[in-house]
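Structural description and commentary
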Amino acid sequence: MNTEKDFSPLTPNIVRALNDKLYEKRKVAALEIEKLVREFVAQNNSTQIRHVIQILASEFALSQHPHSRKGGLIGLAACSIALGKDSGLYLKELIEPVLTCFNDSDSRLRYYACEALYNIVKVARGAVLPHFNVLFDGLSKLAADPDPNVKSGSELLDRLLKDIVTESNKFDLVAFVPLLRERIYSNNQYARQFIISWILVLESVPDINLLDYLPEILDGLFQILGDSSKEIRRTCEVVLGEFLKEIKKTPSSVKFAEMANILVIHCQVSDESKMTNDLIQLTSMTWMREFIQLAGRVVLPYSSGILTAVLPCLSYDDRKRFIPKTRKRDSNPTQALSSARGWPDPGRLLLVFFLSCARVASLTPSCPDTKEAASACNHSLMKLVTPEDDEEEEEKGQVSGDTPTREDSPPKTLEELNNSLNASQDSVGFSNISFFTPTSADRAQVTLDLDGIVQVLDRHLHDSTTGMMTRIAVLKWLYHLYIKTPRKMFRHTDSLFPMLLKTLSDDSDEVILKDLEVLAEIASSPAGQTDAAGSCDSTDGKSELQVPAPVGQPAVGLKAADSSPSTPSMNSYFYKFMINLLKRFSLERKLLENRGAFIIRQLCLLLHAENIFHSMADILLKEEDLKFASTMVQTLNTILLTSAELFQLRNQLKDLRTQESCALFCCLYRSWCHNPVATVSLCFLTQNYRHAYDLIQKFGDLEVTVDFLMEVDKLVQLIESPIFTYLRLQLLDVENNPYLIKALYGLLMLLPQSQAFQLLSHRLRCVPNPELMRTLPDSKPPESCRTTPSHVNYKELLQHFDRVQSKHLEVRHQRAGRAEHPDRKLVL
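Residues numbered from 1 in each chain as written. Predicted model: local features only at pLDDT ≥ 70, side-chain atom pairs only at ≥ 80, totals over all residues. Heavy atoms only, no water.

Here we look at the overall build of the chain
As a reminder of what qualifies: Strands here mean DSSP runs of E at least two residues long; helices mean DSSP runs of H or I at least four residues long; both are numbered from the N terminus. Burial classes: relative accessible area under 20% of the type maximum marks a residue as buried, over 50% as exposed, and values in between as partly exposed (1.4 Å probe, protein chains only). Residue contacts are counted whenever heavy atoms from the two residues lie within 4.5 Å of one another.
Each helix and strand counted, the chain has 41 helices and zero strands in total. Relative to its 828 residues, the chain shows a buried fraction of 54%. In the chain, the proportion of contacts linking residues at least 24 apart, taken out of those at least 6 apart, comes to 77%.

This is the structure we're talking about:
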């Protein structure tokens, strides 16, 4: 430095001492400067004061010589001490050169800068608040300084600033939040600890309402919650707990809109660390649950976004779930929190202790893990959907005085989220999902985002990686929506229907049960009677299975069969369901073998068993694949004869006394003819023993195969089952049931010498007085003999049986011909 230069009013001795390499000499110079400035203050000579500060700043603090910069820093601190309460008038000139030295490469000079700024702030106290942002910016950089001495000095200055902010009621939070929002995304652990400690202090000040600005920093807080440092995560949990506690106290002033966007994203956050990932998911899911409970039906317009976050968590792997154990180890919350760098003084720690204690009550979720928290969210959201959500918009407008709906003003997205947040949002496919929007119309009128919900549910059903519990939850949602909002849901039925049918092939029985509940509700809902009739055609424009017409009438299409009197309680989707179900059984024989009986039995519980069997019999009557028709009839017949769910239907068929029961018998009979043994068992069930005998007489003309004999064997086993107890008891009345005995003997003659033969033979030997087996003349039947129903044309039924069996025989001959001459093309 040029010692000849004029530095007045600083004396040459002061200048030399400020440039000296020894700290003691620079300190003596600082005392001289302090004395000089005090004289100027007494004289009220502000011009000379500014001149001294300017010289110290430009010629010393910003000098190229390191010792001069150290002298300038201590000189500026001396000026501040001399100015006392008047230092607020010169703070800009005092602070700026000191903050510049924060970036110096010399760690000792950075330390002296911290020391100088500490003295300046200590004297000015509340006057520094207008310059708080620049001070905070400088401190946030020093918080991550590698030098321990510099870090220690910054902690002292940080502690002083926190005390000043806590004591003052003039803190400009509006000006500070943008800087906080920027700094909160730092990846440095020390910077994060610095930021989180400041947020906790600001939240504890009664005059500072940081909750209003929580949407701007919430994403950053969740980023910090994923830090690898256990200490930082604990502090962040305390901060989030305090915010959640305040939200519960004042829900009316909470900006649920912007924060819901952030929670949806972090509920699905993916991180390299499993532990931090689970903690973020658990915390965000806990917040989401509280939001749903606090906001109520206000959240309905944004339920699609919430479901996008919640549904995947329902299939959370229990074996890998993470349950935080910090509360057991935090035996001394004060010690754990005070270990954070830059923490308040001991008087401040008392308040922090109470805040950390409050954390247990506010942050600790009632659900122990993410999966249960997600389940609670899902359940709470589902309860918000009510029948009033099925009303059309016009009806709602009339009721509420034509209040504008949310559809009039599309939802707004957060414009101030950082780029990383937007990238996360795009990565999870939220482009068509609505979120919270802070409008005054939210509480006046709520519109359910049904289209968005269905889109989310359908996407999860189509995703092959969706977990079982998520699929069950999706199906529960669909069932709930069809119950509460049937009119609106039927607009989506055509798009959902194929996937619901495909779900019947699921590996889980519980998933299939829920799927059947949804399909049954679709098939039986009165809402499907109106606008579904015109949209029941197959998606490919044709239907492989045709709905048959009654005997003596031309075939009809699906729409004509929709009004079939056999299914008075069903809508047009019922027949579509039956057609596609049988089509699926035809294409997936494993499904029929493994789950066919299970599916049909459950449908009989959910819908009328008569409707199920009547419709399937009608469809199978026109089935072109005769082998499948025979297999399907055999399956239906076994279910009819053995399942407890079909008890009422069996009783209805047992006594053909009414026209309806006779019509049902005839309908089943025509399709049962695809399987001769099943036809005979149906006659046994309906006590048409003479007709059963007539059918068995025709078995001699049929091709008796091993499969045929196995079916006869099964029928013999069924005769010995509780289902046919009444039939076995009727063997006691030989006189009135001769054709029953003759039919059983006919089965006996069909069987080879097998276990079934021995079983039936032994049963027939128990018939009393075989001489009474004579058939009485047809012209004079005994009065006590059971008369045949007048509504059934048995001659026509036998003719139909012959026609069906002729078709089966023809098909078998064609197959045999193809097998014998595989290279010969079959000419039709």
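Picking up where we left off.
A few points about the side chain of Arg 233
Defined as follows: Positive charges come from Lys and Arg, negative ones from Asp and Glu, while His and the chain ends are left out of the count. Whenever Lys or Arg places a side-chain nitrogen within 4 Å of a carboxyl oxygen from Asp or Glu, that contact is recorded as a salt bridge. Two N or O atoms form a polar contact when they lie within 3.5 Å of each other; inside protein one atom must be a possible hydrogen donor and the other a possible acceptor, and for residues adjacent in sequence the pair counts only when both atoms belong to side chains.
Looking at the element boundaries, Arg 233 is found in helix H12 (residues 230-249). Notably, Arg 233 is buried but unbridged: the nearest opposite-charge side chain belongs to Asp 227, and the N-O separation is 6.0 Å. In terms of polar contacts, Arg 233 uses its side chain to reach the backbone carbonyl oxygen of Ser 228, at 3.1 Å.

Comments concerning the pattern of salt bridges
This model, assessed by the stated rule, comprises 28 salt bridges. For Arg 69, the salt bridge goes to Asp 104, with nearest N and O atoms at 3.1 Å. Residue Arg 69 is located in helix H4 (residues 66-83), and its partner Asp 104 is located in the loop between helix H5 (91-100) and helix H6 (107-124); the two are separated by 35 residues in the primary sequence. Take Arg 69 and Asp 104: they sit in the same class, and that class is buried.

Looking at unusual backbone geometry
The peptide bond linking Ser 8 to Pro 9 adopts the cis configuration, its omega dihedral lying at 10°. Take Pro 9: it is sitting in the segment before helix H1 (12-18). In this model, Arg 125 sits at a positive phi of 50°, which is unusual for a non-glycine residue. Relative to the assigned elements, Arg 125 resides in the loop between H6 and helix H7 (132-142).

A short note on the nonpolar core
Soluble, globular proteins show a tendency: their nonpolar side chains are buried together. The cut-off we apply is this: Nonpolar cores were defined as sets of buried Ala, Val, Leu, Ile, Met, Phe, Trp, Tyr and Cys residues, with membership established by side-chain atoms within 4.5 Å.
Within the largest apolar cluster, 246 residues are counted, with the highest numbers of intra-cluster contacts made by Leu 10, Leu 221, Phe 577, Phe 613 and Phe 684. In contact with Phe 613, not counting residues within four places along its chain, are Cys 604, Leu 636, Ile 639, Leu 640, Leu 646, Leu 649, Leu 668 and Trp 672.

Points about the state of the cysteines
Condition: Cysteine sulfur atoms are paired as a disulfide whenever they come within 2.5 Å of each other.
For the structure on display, the rule yields zero disulfides. Lacking any disulfide linkage, Cys 377 is separated from the closest cysteine sulfur, that of Cys 267, by 6.9 Å.

Notes on the packing of helix H36 (residues 689-698) against helix H39 (residues 738-750)
What counts is decided by this rule: Here an angle of 0 to 180 degrees is reported between the N-to-C directions of two axes, which are lines fitted to C-alpha atoms, with helices fitted over the stretch in contact. These descriptions rest on fixed angle ranges, namely under 35 degrees for roughly parallel, over 145 for roughly antiparallel, 65 to 115 for roughly perpendicular, and the rest for oblique. Helix crossings get a hand from a simple test, with the near helix turned counterclockwise from the far one by less than a right angle marking a left-handed crossing and a clockwise turn marking a right-handed one.
Two elements in contact, H36 and H39, have axes whose closest approach is 8 Å; the angle formed by their N-to-C orientations is 25°. Comparing the axis directions of H36 and H39 gives the class roughly parallel. Pair H36 / H39 crosses with left-handed handedness. Across the interface between the two elements, Tyr 689, Arg 690, Ala 692, Tyr 693 and Ile 696 of H36 pack against Tyr 739, Leu 740, Lys 742, Ala 743, Gly 746, Leu 747 and Leu 750 of H39.

Points about the packing of helix H15 (residues 303-313) against helix H19 (residues 370-383)
Remark: H15 packs on H19, axes separated minimally by 8 Å, with the N-to-C direction vectors making an angle of 145°. You can see that H15 and H19 cross each other, and the crossing is left-handed. Along the contact surface, H15 presents Ser 303, Ile 306, Leu 307, Val 310, Leu 311 and Cys 313, while H19 presents Thr 370, Lys 371, Ala 374, Cys 377, Asn 378 and Leu 381.

Considerations on helix H26 (residues 493-502)
By the burial criterion, the buried members of H26 are Thr 493, Leu 496, Phe 497, Met 499, Leu 500 and Leu 501. Looking at the packing, one finds that the buried side of H26 touches helix H23 (450-462), helix H24 (468-484), helix H25 (486-489), helix H27 (509-524) and helix H29 (572-587).

Regarding the environment of Ser 154
Here Ser 154 is to be found in helix H8 (residues 148-167). Looking at Ser 154, the relative accessible area reads 4%, which means it is buried. Along the chain, Ser 154 and Ala 113 lie 41 residues apart, while their C-alpha atoms are 9.5 Å from each other. When neighbours within four sequence positions are excluded, Ser 154 is seen to be in contact with Cys 114, Leu 139, Leu 142 and Ala 143.

Digging into the confidence of the model for the chain
The cut-off we apply is this: The predictor rates its confidence in each residue with pLDDT, a number between 0 and 100.
Scored by pLDDT, the chain comes out at a mean of 80, with 77% of its residues at no less than 70. In this model, residues 318-368 is a region of pLDDT below 50 whose contacts with residues beyond four sequence positions or in other chains number 92 contacts. Scored below 50 in pLDDT, residues 820-828 makes three contacts in the model with residues more than four places away or belonging to other chains.

Focus: the environment of Asn 378
Residue placement: Asn 378 occurs in helix H19. Exposure remark for Asn 378: the relative accessible area of 10% places this residue in the buried category. Sequence separation of Asn 378 and Leu 314 is 64 residues, and the distance between their C-alpha atoms is 8.9 Å.

Some words on the packing of aromatic side chains
Working definition: an aromatic ring pair is given by the centre-to-centre distance plus the angle between the planes. Worth spelling out the cut-off: Put simply, two rings from Phe, Tyr or Trp (the six-membered ring, in Trp's case) pair if the centres are within 6.5 Å, and we call them stacked under 30 degrees between planes, edge-to-face over 60, tilted for the rest. We call a charge positioned above a ring when the Lys NZ or Arg CZ atom is no farther than 6 Å from the ring centre and deviates by at most 35 degrees from the ring normal.
Scanning all chains against the criterion turns up 25 aromatic pairs. When the ring of Phe 132 is compared with that of Phe 176, the centres are 5.2 Å apart and the planes differ by 70°; the resulting orientation is edge-to-face. Pair noted here: Phe 132 is in helix H7 and Phe 176 is in helix H9 (residues 173-183), with a separation of 44 residues, a long-range link. Of the two residues examined, Phe 132 and Phe 176, each falls in the buried class. Ring geometry for Phe 171 against Phe 176: centres 5.6 Å apart, planes inclined by 65°, an arrangement best described as edge-to-face. When the ring centre of Tyr 112 is taken as origin, the NZ or CZ atom of Arg 26, which lies over that ring, is 5.9 Å away.

Regarding H12
Count 3.6 residues to each turn of an α-helix, and residues three or four apart come out pointing the same way. We count it as follows: Expected span, for any helix, means 1.5 Å times one less than how many residues it has.
For H12, which comprises 20 residues, the first-to-last C-alpha distance of 29 Å matches the rise-based estimate of 28 Å (1.5 Å per residue) to within 8%. Within H12, 14 of the 20 residues are buried, which leaves the element mostly enclosed by the surrounding structure.

Some words on the environment of Leu 210
Assignment of secondary structure puts Leu 210 in the loop between helix H10 (189-204) and helix H11 (214-225). Distance in space between the C-alpha atoms of Leu 210 and Ile 199 is 8.4 Å, their sequence separation being 11 residues. Excluding residues within four positions of it along the chain, Leu 210 makes contact with Leu 173, Ile 199, Leu 202, Glu 203, Ile 217 and Phe 243.

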